[in-house]
Amino acid sequence: MSFTIGLVGKPSAGKSTFFKAATLAEVAIASYPFTTIKPNVGTGYVRVECADKDFDTQCNPRFGFCLNHTRFVPVEIIDVAGLVPGAHEGKGLGNQFLSDLNQADILIHVIDSSGSTNEKGESVGAGNHDPAKDIRFLENEIDLWYTSILWRNWGKLARSANMTKKKIEEAIADQLSAMKVTEFIANNAILDVNPGEDPEKWTYDAIKKIATILRKNTKPLIIALNKADTSTAKDNIAKLKKEFPDTFFVACSAEMELALREAAKKEMISYVPGDSSFEIKDADALNDKQKAGLTFMKKFLDENKITGVQQVLDSAVFEFLKYIAIFPGGVNKLADSKGNVLPDCFLMPPNSNAKDFAYALHTDFGKHFLYAMDVREKRRISGEQELKHRDVVEIISAAK
Ligand SMILES: Nc1nc2c(ncn2[C@@H]2O[C@H](COP(=O)(O)OP(=O)(O)OP(=O)(O)O)[C@@H](O)[C@H]2O)c(=O)[nH]1
Ligand SMILES: [Mg+2]
């Protein structure tokens, strides 16, 4: 699996509920803080309009699935413990556990937009906590996590770089390589902050500024305004959108999505994740409690159109990070050797070209790349040609 999404937020914001709705894995959910201690790792999906329909066929995904020509491409999702203000000083469970998110390509900050839990995740009654506070502290705590990793060894790191004439950006990238910080990213951050020639004299403030830029580049953050089903959420959501006009928000109700997916799993309803409606399969088989639950869910969807959970995942990958989905295929044959039609779908970073895709398929295909084919248009394309979302591409290589 090539793409990882991390869920972060204060305790009781609904991270595990979101995780469970997205993965249907069995995890603990409760209204008290620090329900989750060890991370939950599971498979969720992002939606892509499947390429199979352009070829009048039905695909057979090796990973994920396809419903009515909507391809559900697997992504890894990680749900961690709650983060509280002062976590970098050891408050709550501290911030060491964030290292579980090292590999994440993006973080989704799950917010309790009902305002019914304080910054520690304790219940304070609906509307009694301003969620704007959560937005402010959390990003800072995440930045301080990066800062602490750099700062705790800074003296040694800077001295040794000076002594060995190692470039400081290389030393920083080495230190933070697990978090996907590259020399290129580190160098850009240094140029931005301009902390001076001698790294041994760089101040804590300069390191924090650099760490913040590194964090933004390697763990960008979007916000899921969760608990949108509550009566106090609507006003809070409108207020937050006004107060943080540059922040990427998606409203959602993890609880509603979880209820829908569980009802679908039990075959009570047919529901495609992300859709704006569902159908009851056999109304006579339902008891009164189930009927009341489904009526509540229908009312929510009638008013809100979607639960938002699927949209949070889709927009994190495609709208915010601008990734593209590429299907490997052949001009003469869309199936693999086992007869599976369009069996794979790759999530590639923006501006990926045909050669990048060849490398993603197999290092040998990249190394021995000759040219590629745009399968839809039956047209030859060069290695430097940038690919588009939903392209079907055949790689021609001299690899044995
Ligand atoms: N109304 C409503 N309640 C929700 C929603 N999502 C979660 N909850 C409730 O919020 C409480 C906390 O949910 P969890 O998913 O355990 O929260 P968490 O963020 O994982 O909490 P920690 O593991 O303690 O950090 C539970 O009582 C959930 O039922 C939602 O969309 N709407
Ligand atoms: Mg949890």
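The preceding data block contains the structure.
Residues numbered from 1 in each chain as written. Chains lettered and ligands numbered in written order. Predicted model: local features only at pLDDT ≥ 70, side-chain atom pairs only at ≥ 80, totals over all residues. Heavy atoms only, no water.

(A) Just the site of ligand 1, in detail. Close to ligand 1 lie 24 residues; S12, K15, T17, F34 and D229 are nearest. The separation between an oxygen atom of ligand 1 and a polar side-chain atom of K15 is 2.7 Å. Contact with the protein chains covers 90% of the free accessible surface of ligand 1, which is 660 Å². Secondary-structure elements contributing two or more residues to the shell around ligand 1 are helix 1 (15-23) and helix 8 (254-265). Its residues assigned to classes, the shell around ligand 1 shows 8 nonpolar, 11 polar and 5 charged. (Near = heavy atom within 4 Å. Polar contact = N/O pair within 3.5 Å; in protein donor to acceptor, adjacent residues only side chain to side chain. Areas by Shrake-Rupley, 256 points an atom, 1.4 Å probe, with all protein chains shown as cover. Helix = DSSP H or I, 4+ residues; strand = E, 2+ residues; numbered from the N terminus. Nonpolar A, V, L, I, M, F, W, Y, C, P; charged D, E, K, R; others polar.)

(B) Focus on helix 5 (residues 183-193). Looking at helix 5, one finds that the buried residues are I185, A186, A189, I190 and V193. Buried residues in helix 5, looked at end-on, bunch into an arc of 135°, giving them a common side. Opposite the buried face of helix 5, by more than 90 degrees, sit the exposed residues F184, L191 and D192. Along its buried surface, helix 5 packs onto helix 4 (168-175) and helix 6 (204-218). Backbone geometry just downstream of helix 5 places N194 in the positive-phi region, at approximately 50°. (Buried < 20%, exposed > 50% of the residue type's maximum accessible area, 1.4 Å probe, protein only. Arc of directions from axis to C-beta. Contact = heavy atoms within 4.5 Å.)

(C) Molecular detail of the pattern of salt bridges. The tally for this structure, following the rule as stated, stands at 23 salt bridges. Notably, a salt bridge pairs E243 with R136, separated by 2.5 Å at the nearest N-O pair. Within this pair, whereas E243 is found in helix 7 (residues 233-243), its partner R136 is found in helix 2 (residues 132-151), the two being separated by 107 residues in sequence. Under the relative-accessibility criterion, E243 is labelled partly exposed at 37%. (Salt bridge = Lys/Arg side-chain N within 4 Å of Asp/Glu carboxyl O.)

(D) Representation of the coordination of the magnesium ion (ligand 2) within the structure. Ligation of the magnesium ion (ligand 2) by protein atoms is provided by S16 (OG) and T36 (OG1), these donors lying 2.0 to 2.1 Å from the ion. Pair noted here: S16 is in helix 1 and T36 is in the loop between helix 1 and strand 2 (40-49), with a separation of 20 residues, a long-range link. Each of the two residues, S16 as well as T36, counts as buried. (Donors = N, O, S within 2.8 Å, 3.2 Å for Na, K, Ca; no water.)

(E) Representation of the pairing of strand 14 (residues 392-397). With 2 bridges joining them, strand 10 (residues 324-328) and strand 14 adopt parallel strand pairing. The partner of F327 across the bridge, within strand 14, is V392. Looking at chain direction, strand 12 (residues 369-374) and strand 14 are connected through 5 bridges and run antiparallel. Residue pairing in the sheet places M373 in a bridge with E394 of strand 14. (Pairing = 2+ DSSP bridges.)

(F) Structural view of the nonpolar core. Judged by nonpolar contacts, the single largest core of 45 residues is most densely connected at F3, F18, I108 and L347. No other element matches helix 10 (residues 309-320), which puts 6 residues into this core. No fewer than three residues from each of domain 1 (1-39 + 80-128 + 220-321) and domain 3 (330-397) sit in this core. Beyond its immediate chain neighbours, meaning those up to four positions away, I108 contacts I5, G6, L7, V8, I222, A224, V312, L313 and A316. (Core = buried A, V, L, I, M, F, W, Y, C linked by side-chain atoms within 4.5 Å. Domains from an automatic or database assignment.)

(G) Looking closely at unusual backbone geometry. Look at F34: it is not a glycine, yet its phi comes out positive at around 60°. Summarising the element assignment, F34 is placed in the loop between helix 1 and strand 2. By relative accessible area, which is 25% here, F34 ends up partly exposed. If you check the backbone angles, K165 has positive phi at about 55° while not being a glycine. Following the sequence through the fold, K165 ends up in the loop between helix 3 (154-164) and helix 4.

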